[in-house]
Structure formats: C-alpha cells, structure tokens
Amino acid sequence: MLTMTSAVAVARVRAIMFGPWIAASLHTAAELRIADLVACEPRSAEELAVAAEVRPDPLRRILRVLVAHGVFAERKDGRFEQNELSELLREGGRASLRPSVLLHASGARWALWPHMLHTVRTGETAFSKAHGVEIFDYLATHEEDARLFNNTMSQGSAVLADEIVAGYDFGRFRTIVDVGGGHGLLLARLLEAVPGARGVLFDLPEVIEGARAALAARGLADRCALVGGSFFDAVPAGEGYVMKWILHDWDDAACHNILRNIRSVIPHGGRVVVVDRLIPERVTDDASIRVNLLMDLTMLMTHKGRERTENEFRQMFEQTGFALASVRTTPTGHGIFEGAPA
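Residues numbered from 1 in each chain as written. Predicted model: local features only at pLDDT ≥ 70, side-chain atom pairs only at ≥ 80, totals over all residues. Heavy atoms only, no water.

(A) Local environment of the packing of aromatic side chains. Scanning the model with the defined rule gives 11 aromatic pairs in all. Ring plane angle 85° and centroid distance 6.4 Å describe the contact between Phe231 and Trp250, whose orientation is recorded as edge-to-face. Here the residue Phe231 occupies a position in the loop between strand 5 (224-228) and strand 6 (240-244), and Trp250 occupies one in the loop between strand 6 and helix 16 (252-263), the gap between them amounting to 19 residues. Judged by relative accessible area, which is 13%, Phe231 ranks as buried. Aromatic side chains Phe317 and Phe322 sit 6.1 Å apart centroid to centroid with 55° between the ring planes, which places their arrangement in the tilted category. (Phe/Tyr/Trp six-rings, centres within 6.5 Å; stacked < 30°, edge-to-face > 60°. Helix = DSSP H or I, 4+ residues; strand = E, 2+ residues; numbered from the N terminus. Buried < 20%, exposed > 50% of the residue type's maximum accessible area, 1.4 Å probe, protein only.)

The structure is reproduced here in structure tokens:
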C-alpha cells in the first residue's frame, strides 16, 4: 500500500507525464479564442461551441481540464468565465501569451518531442529530424509558420522591452543598432526612451520589411534606418548594439562569429547588450528558473543553441574581444549582459 508521501510522488510524476495534454488543451482554447469569447460575460459550453463553430461536449471537457489547472473558472451553473490566467490568452493584449501558446504547441513544434532521444544520441536537432531542414530554412519556405514565429517574437518584445529600458541606460548612445531586431518593436521602445538617439534595425531583408509600417505609425521612420543582411557576414556601424533572443539560437561557434563581427566595427566607448534567459549555476525551485530551463530544452530541440549562465557569457565575451562589464536581471528571469570592447 502506498504511503502518503509516495502517493503524492506518484501524483506529481503523473502531472508531469500528462503535461502535453494540458498544453494541447491550452492551444485549442487559444486557437478558438475562448478567452475573447468570455471576456465580457460568462458563457456556457453550448454558447461557446456555437460561437467557435465546434461541438459542445468535447469543448466542455477541454475547458474543465483548463479550469482544474487554473485557466478559466467555472460557475455553479456550469458557465465558464475569465480569470487572471485566461486573460493572458486574449488576442491583441499587450501582455498576451496567445502567440506564444500558438507557436509552441503548433503542429511543426509538436512533431519534435518524440525525437528527443534522437537529439540526445546524435546531437542533431529534433527539428531537422522531424522536418528534414533546420528551423530557419524551414521558416523561409513556410509562410504561416514564419508569421506565427515573428508574431511571437514581436509580442515577447513588447513585454520585455520595458524591462530592458528600466534595466539598462541606453541614453549614452547616439546610434543604437538592433541586431536581429525582427519587426522593430524593441528598437522602437528604445528610441522612444532615448529621444536623441537614432536607430538601425538590422535583420534579414524579408524580416525587416515587416517593420517599416509599424515604425512609421509610431513616428520613428525618420530616426531609424532599415538594413538588410546576415549578422554572420557583417553588421552596420553604431555605438550601442542590442541583441534580444539572438545568441541563444546558436552554438558557441556561431555566437563567436556574430560577436566578432560586432567587435570589428564597435568604437572604443561602445557597448554590446545581450538579452537572453539567464540559467543559474545550480538549479533551485523557482518559477522563472523552471521556465528558463524549459526554454533551454526548446533551444536544444529546435535550434543549435542554448540558454547560458553568467560564466558562460563571460567566457564568450572574453573569447571575442569583449569584457563582461555588468550583468542585470529582469523580473521575468532574463539577463542583460553588457560587453565592453577589451
């Protein structure tokens, strides 16, 4: 007979084991925009099914699972209503996690996880095993997946940008270069915070075109140059370089290439500011650390990169002509790593 302790242990392992089913339920609710449908008033499964054009019984069963895990609430009359967690699934909200939920539980990503053992045995990405190409080559030929990826990166930038502005003083720079800056949301926030600076948005040509209208709408078109290219070849000249969620996509050799390209053009008083998730030297029971370690698995499975510790960043900077000048942490568990030319 199980002791109380071992019964709790069994329940915890089962909860972890069934985690993918919870993620699938969350993804389904996000796809169907259930959070938006209950934003104004509680609604029954039948009402939601009509609005979402699905069958009521399966929907009710999926929503009950989410309620049991704290997403949505169920009233005594059986109607479902919004709560703090489900509010994060609403479309278009500044802190919305809906794009991230749609990305990480999408079909292209879901296909990776059965290949984890392949990655452990070979060192190859599960993404290349599942799809025959690496992720960025895949995105170049799959428009909808690329749109979802870019939307998720932009949404993440909107949330993280305020933490970066609060955590590091960009006011010392006359020119800020956002390397791999995507649709420019982070750079726009930095330029708004530093009115005297000019910006350079640098990314692949097909990516940065998506930023042109957004920068113009915020009145920043005349303060920001859009430059297309690969950071593996060269980067534009500037004083302050920022890279958010870039180095974690790549292995050390590729990161060295990127940083050396920056080192070759950065002036003596310039700085490179890297924003990535911070992994501790030793794991502790902390919510942000758990998320960062899971994101490290994502990098293992989808890219050839990794999340890194402070010491790993220090070594990387030293090997590419920089010194780690400062490290700051953000409320969401990100590190802001400042590199100074050595």
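(B) Representation of the pairing of strand 9 (residues 334-341) in the model. Along strand 9, eight of the eight residues are buried, which leaves the element largely enclosed by surrounding structure. Burial along strand 9 is two-sided: the face carrying His334, Ile336, Glu338 and Ala340 and the face carrying Gly335, Phe337, Gly339 and Pro341 are both buried. Across six bridges, the pairing between strand 7 (residues 271-277) and strand 9 is antiparallel. Counterpart to Val273 in the pairing with strand 9 is Glu338. (Pairing = 2+ DSSP bridges.)

(C) Main features of the layout of surface pockets. For the largest pocket, the calculated volume is near 2200 Å³. Of all the secondary structure elements, the ones that give two or more residues to the lining of the largest pocket are helix 2 (19-31), helix 7 (98-104), helix 8 (107-110), helix 12 (143-167) and helix 17 (287-302). With 11 residues, helix 17 is the largest single contributor of residues to the lining of the largest pocket. Across the lining of the largest pocket, the residue classes break down as 31 nonpolar, 15 polar and four charged. As for the second largest pocket, its lining consists of 42 residues, of which Phe136, Phe149, Asp203, Leu204 and Val207 are closest to the centre. Residue assignment for the lining of the second largest pocket shows that the elements contributing at least two residues are helix 11 (135-139), helix 12, helix 13 (185-193) and helix 14 (205-208). If one sorts the elements of the lining of the second largest pocket by residue count, helix 12 sits on top with nine residues. Here the residues of the lining of the second largest pocket sort into 16 nonpolar, 15 polar and 11 charged. (1 Å grid on protein atoms, 1.4 Å probe; cavity = no way out; pocket = protein on both sides within 12 Å on 5 of 7 lines; lining within 4 Å. Points joined across faces, edges and corners; volume = space filled by probe spheres on them. Nonpolar A, V, L, I, M, F, W, Y, C, P; charged D, E, K, R; others polar.)

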